[in-house]
Amino acid sequence: KQAGETMQKLANAVYVAASTIGNYETNRRIPSPGVITAIAKHYNVSADYLLGLTDTAWKIRRGRE
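Residues numbered from 1 in each chain as written. Predicted model: local features only at pLDDT ≥ 70, side-chain atom pairs only at ≥ 80, totals over all residues. Heavy atoms only, no water.

Brief notes about the nonpolar core
So, step 1. Leu10, Ala11, Val14, Val16, Ile21, Tyr24, Val35 and Ile39 form the largest nonpolar core, which has 8 residues in total.
So, step 2. For this core, the secondary structure elements donating two or more residues are α1 (7–14), α2 (18–25) and α3 (33–43).
So, step 3. For this core, the leading source of residues is α1, giving 3 residues.
So, step 4. Contacts of Val35, omitting those with residues within four sequence positions, involve Val16 and Tyr24. (Core = buried A, V, L, I, M, F, W, Y, C linked by side-chain atoms within 4.5 Å. Buried < 20%, exposed > 50% of the residue type's maximum accessible area, 1.4 Å probe, protein only. Helix = DSSP H or I, 4+ residues; strand = E, 2+ residues; numbered from the N terminus. Contact = heavy atoms within 4.5 Å.)

So, α3
So, step 1. Of the positions making up α3, those classed as buried are Val35, Ile36, Ile39 and Ala40. Around the axis of α3, the buried residues are gathered within 135 degrees of arc, so they sit on the same side. Exposed side chains of α3 directed beyond 90 degrees from the buried face belong to Pro33 and Lys41.
So, step 2. Looking at the buried side of α3, the elements it contacts are α1, α2 and α4 (47–50).
So, step 3. Just past α3, the residue Asn44 takes up positive phi, approximately 60 degrees. (Arc of directions from axis to C-beta.)

Next comes the structure, spelled out in structure tokens:
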């Protein structure tokens, strides 16, 4: 919701079904490490932020700098 994005758009970006995203949001399913990585890359934040291990959404670097 913070990104102003639909579940379908996120699902398309990380190659899962929209219903799977819904299941992650309601704690009915746990995303695999690969899906967590894909979501972190999609939103340009750390996996720690997604997992609630930090309150700071550290931006990840994309590509070589």
